[in-house]
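# Structure at a glance
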Amino acid sequence: KVLWMRRQRVLRRLLHKYRESKKIDKHLYHSLYLRCKGNVFKNKRTLMEHIHKKKADQARSKQLSDQADARRHKVREARRRREERLNQKKEELLQTYAKEEEATKK
C-alpha cells in the first residue's frame, strides 16, 4: 500500500506540474489522471513517454486537418474563379449575338 501511495503521488505531482506549465490541457490531464488511478502507468518514465506520444499524435492530427482545410479552401476558390470565368464568357457570347442580330435587322 505504501508503494502504491508513493507511486500515485509521484505520477499525480507530474501531472499537476505539466498542467500548470501548460504542457497538457485539462482534457488530457483528466484522462491521464484516471489512467494513473487505474494502474496503467507503472512509473514516471512510462507516463512521460505516453504524454509525449499523445502530444505528437495531437500535433499530427491538427496538421493533417489544417492541410485538409487549406486544400478545401483552395478547391473552393478555384471553383468560384472557374464559375466567374464561364459566366463572363456566356455574357460576352450573348453580347456578340445581340450585336449580330442588330446588324442583321438594320
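Summarised in this report is the structure supplied together with it. These numbers were taken from a predicted model, which means no experiment stands behind them.

### Considering helix α3 (residues 44–105)
Between its first and last C-alpha atoms α3 spans 91 Å; for 62 residues at 1.5 Å apiece the expected length is 92 Å, and the two agree. Three or more residues of α3 are buried, namely L47, H50 and I51. Lining the buried residues of α3 we find α1 (2–20) and α2 (26–37). For α3, the N-terminal cap is N43; the gap from its side-chain oxygen to the backbone nitrogen of R45 is 3.3 Å.

### Some details on the packing of α2 against α3
At a closest axis distance of 12 Å, the pairing of α2 and α3 adopts a crossing angle of 150 degrees. Crossing of α2 over α3 shows right-handed handedness. Taking contact as the criterion, the partners of L28, L32, R35 and C36 in α2 are, on α3, L47, H50, I51 and K54. Grouping the amino acids of the contact of α2 with α3 by side-chain chemistry returns 5 nonpolar, 1 polar and 2 charged.

### Remarks on unusual backbone geometry
A positive phi is found at K22, a non-glycine position, where the angle reads about 65 degrees. Relative to the elements of secondary structure, K22 occurs in the loop between α1 and α2. The backbone of N39 sits at a positive phi, close to 65 degrees, despite the residue not being glycine. Its location among the elements puts N39 in the loop between α2 and α3. Given the relative accessible area of 42%, N39 is considered partly exposed.

### Concerning the packing of aromatic side chains
Taken as a whole and judged by the stated rule, the model has 1 aromatic pair. Ring plane angle 40 degrees and centroid distance 5.8 Å describe the contact between Y29 and Y33, whose orientation is recorded as tilted. Of this pair, Y29 and Y33 are both found in helix α2, 4 residues apart, which corresponds to roughly one turn of the helix. Since its relative accessible area comes to 9%, Y29 is described here as buried. Accessibility expressed as a relative area gives 24% for Y33, which makes it partly exposed. The ring of Y29 carries R19 above its face, with NZ or CZ at 4.1 Å from the centroid. Here the guanidinium or amino end of K23 rests over the ring plane of Y18, the centre of that ring lying 4.9 Å away.

Definitions and cut-offs
The written sequence of each chain sets the order in which its residues are numbered from 1. Confidence filtering applies because this is a predicted model: local features only for residues at pLDDT of at least 70, side-chain atom pairs given and counted only at 80 or more, and all residues used for totals across whole chains, interfaces and linings. In computing side-chain properties, one takes all heavy atoms of the structure into account and sets aside hydrogens as well as water. Runs of H or I in DSSP of at least four residues are treated as helices and runs of E of at least two as strands, each being numbered from the N terminus. In a helix, the anticipated span is given by 1.5 Å times the number of residues less one. For every residue, the accessible area obtained with a 1.4 Å probe (protein chains only) is divided by the maximum for its type, and the residue is called buried under 20%, exposed over 50%, and partly exposed between those limits. Note on contacts: a residue pair is in contact if any heavy atoms of the two residues lie within 4.5 Å. Contacts described as polar in this section are N or O atom pairs within 3.5 Å, which, within protein, must combine one atom able to donate a hydrogen with one able to accept it, while residues neighboring in sequence count only if both atoms come from side chains. An axis is simply a line fitted to the C-alpha atoms; with a helix, the fit covers only the stretch in contact. Between two such axes, the angle follows the N-to-C directions and lies from 0 to 180 degrees. Rotating anticlockwise by less than a right angle from the far helix to the near helix defines a left-handed crossing, while the corresponding clockwise rotation defines a right-handed one. Note that Gly is not counted as nonpolar here; it falls among the polar residues with everything else outside the nonpolar set of Ala, Val, Leu, Ile, Met, Phe, Trp, Tyr, Cys and Pro and the charged set of Asp, Glu, Lys and Arg. Two rings from Phe, Tyr or Trp (for Trp, the six-membered ring) form a pair when their centres are within 6.5 Å of each other. A pair whose planes differ by under 30 degrees is stacked, one over 60 is edge-to-face, and the rest are tilted. To sit over a ring, a charge needs its Lys NZ or Arg CZ within 6 Å of the ring centre and within 35 degrees of the ring normal.

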